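Close look at the chain arrangement
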Amino acid sequence: MERLFESPNFIFDQLNEQTWVHFIEVQRSNHYYWSFFNDDAKFNTHRFLRTWREYGSMMIGVTRKSDGFPIGMIDTIPVHPKYGIPHISLLTIHARYHGHGYGQKALHLFISFMEWKRVGIHVLAINTPAMKFWKQQGFQTISSEYVKTCKGMQELIHMEKEF
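The text that follows walks through the structure, step by step, so that each part is easy to find. (Residues numbered from 1 in each chain as written. Predicted model: local features only at pLDDT ≥ 70, side-chain atom pairs only at ≥ 80, totals over all residues. Heavy atoms only, no water.)

Our next topic: the sheet that holds strand S1 (residues 2-6). Sheet architecture is open: eight strands sit in the order S1-S2-S3-S4-S5-S6-S8-S7, paired in mixed fashion. The sheet is open, and its two borders are formed by S1 and strand S7 (140-149), each paired with just one other strand. When strand polarity is set aside, the average angle formed by the axes of neighbouring strands in this sheet is 30 degrees. The pairing of strand S3 (residues 58-64) with strand S4 (residues 70-77) spans six bridges and is antiparallel. In the strand pairing of S4, Val 62 is matched with Gly 72. Contacts between helix H5 (residues 128-136) and the sheet are confined to strand S5 (87-93), strand S6 (118-124) and strand S8 (152-162), with S6 contributing the most and set at about 160 degrees to the helix. (Pairing = 2+ DSSP bridges. Helix = DSSP H or I, 4+ residues; strand = E, 2+ residues; numbered from the N terminus. Axes fitted to C-alpha atoms, helices over the stretch in contact; angles between N-to-C directions. Contact = heavy atoms within 4.5 Å.)

Below, the structure is given as structure tokens:
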């Protein structure tokens, strides 16, 4: 893992295809994300790595400094090909740490480190906890579209925020 930066409470490491597997339990703990991939670990890994390569995304592991526990992941695309701005493809915090403010802290530390002025995200409309989180962070809905998933057609919401 390549260290990007540290805060008083967290370590942010850039992951690669070998080291991201240490954070797979973070992904598995997120019911909405995991069910999007049909609860299939092989499909999840294959699709995840293929998408990672196609978009040149950067995967960040967030570890708690106090005990070295992997608590979160952030997947970013430096410039989204459709929107022309940085894009957060995934921000997930291990389920056992939901409601402790870790997602908000990790998001703001990371965006500050990257010095982004505007950021886009996508959220499945059925993922009500994520929709609530992003709205609380000040992200605004820009557009939506329906995409085919393993669960059928799902509404995908595009949101953005200026910093």
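One pass over the full model with this rule turns up 10 aromatic pairs. Ring plane angle 85 degrees and centroid distance 5.5 Å describe the contact between Phe 110 and Trp 116, whose orientation is recorded as edge-to-face. When its relative accessible area of 0% is taken as the criterion, Phe 110 is described as buried. Grouping aromatic residues by their ring pairs yields a cluster made of Phe 5, Phe 10, Phe 12, Phe 69, Tyr 97, Tyr 102 and Phe 113. (Phe/Tyr/Trp six-rings, centres within 6.5 Å; stacked < 30°, edge-to-face > 60°. Buried < 20%, exposed > 50% of the residue type's maximum accessible area, 1.4 Å probe, protein only.)

A few words now on the pairing of S3. The buried count for S3 comes to seven of seven residues, which makes it a mostly enclosed element. By the alternation rule, side chains of S3 split into Met 58, Ile 60, Val 62 and Arg 64 and Met 59, Gly 61 and Thr 63, which are all buried.

Of note in this structure, Glu 115 is not a glycine but carries a positive phi near 60 degrees. Along the polypeptide, Glu 115 turns up in the loop between helix H4 (102-114) and S6.

For the rest of this paragraph, the subject is the pairing of S4. Across the eight residues that make up S4, a large majority, seven, are buried. Remark: five residues form the turn of the hairpin made by S3 and S4, two consecutive strands paired antiparallel; Gly 68 in that turn has positive phi of roughly 70 degrees. Where S4 and S5 come together, six bridges link them in antiparallel fashion. What sits directly across from Thr 76, in S5, is Ile 88.

Any functional reading would require information that these geometric values do not contain.
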